[in-house]
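Report on the structure
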Amino acid sequence: IAGHDEDISVWNGDHKAATSVREIEKADYEALHKDYSESVDALQRAIAVLKKLAHNRPQASLAQVSALQSLKLIPAEAKKAIDIFLQNGQEPEG
């Protein structure tokens, strides 16, 4: 009987230790799950905001680009490239 009592005592100790480990792991999992859930929620809200703002935005106006030609600091080659850009509506090659 003493042998069985010792075995029962060991099993009860193992049971308590395993239960304690499971509780710690559960708490860790719940904290991680909460963090992930909050991150996913934040990403979904950010995507919704970006979708609402997804529209064409005007780029630098041609007046702003053509104003660069009157600056004395702009080299002649750059002014020539600006002229080509304004005429073609695209960047010059080369």
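Residues numbered from 1 in each chain as written. Predicted model: local features only at pLDDT ≥ 70, side-chain atom pairs only at ≥ 80, totals over all residues. Heavy atoms only, no water.

Observations concerning the overall build of the protein chain
Looking only at helices and strands, one finds three helices and zero strands in the protein chain. Helices (α) and strands (β) of the protein chain occur, in sequence order from the N terminus, as α-α-α. For the protein chain, the exposed surface amounts to about 8700 Å²; the carbon and sulfur share of it is 59%. (Helix = DSSP H or I, 4+ residues; strand = E, 2+ residues; numbered from the N terminus. Areas by Shrake-Rupley, 256 points an atom, 1.4 Å probe, with all protein chains shown as cover.)

Remarks on the pattern of salt bridges
A complete count under the given rule lists two salt bridges for this structure. Close ionic contact of aspartate 41 with arginine 45 constitutes a salt bridge, the shortest N to O distance being 3.2 Å. Taken together, the positions of aspartate 41 and arginine 45, both in helix α1 (residues 2-52) and four residues apart, correspond to about one turn of that helix. Take aspartate 41: its relative accessible area is 36%, and that puts it in the partly exposed class. (Salt bridge = Lys/Arg side-chain N within 4 Å of Asp/Glu carboxyl O. Buried < 20%, exposed > 50% of the residue type's maximum accessible area, 1.4 Å probe, protein only.)

Observations concerning a nonpolar patch on the surface
Together, Ile8, Val10 and Trp11 line one region of the surface with nonpolar side chains, adding up to about 320 Å² of accessible area. By the element assignment, valine 10 lies in helix α1. Judged by relative accessible area, which is 44%, valine 10 ranks as partly exposed. (Patch = residues over 30% accessible without salt bridge, like charges linked within 9 Å, V, L, I, M, F, W, Y side chains within 5 Å.)

Here we look at the confidence of the model for the protein chain
Where the model shows low pLDDT, its predicted coordinates should not be examined in detail. Put simply, the protein chain has an average pLDDT of 81, and 79% of its residues get 70 or more. Per-element averaging of pLDDT across the protein chain places helix α2 (residues 62-67) at the bottom with 66 and α1 at the top with 91. (pLDDT = per-residue confidence, 0-100.)

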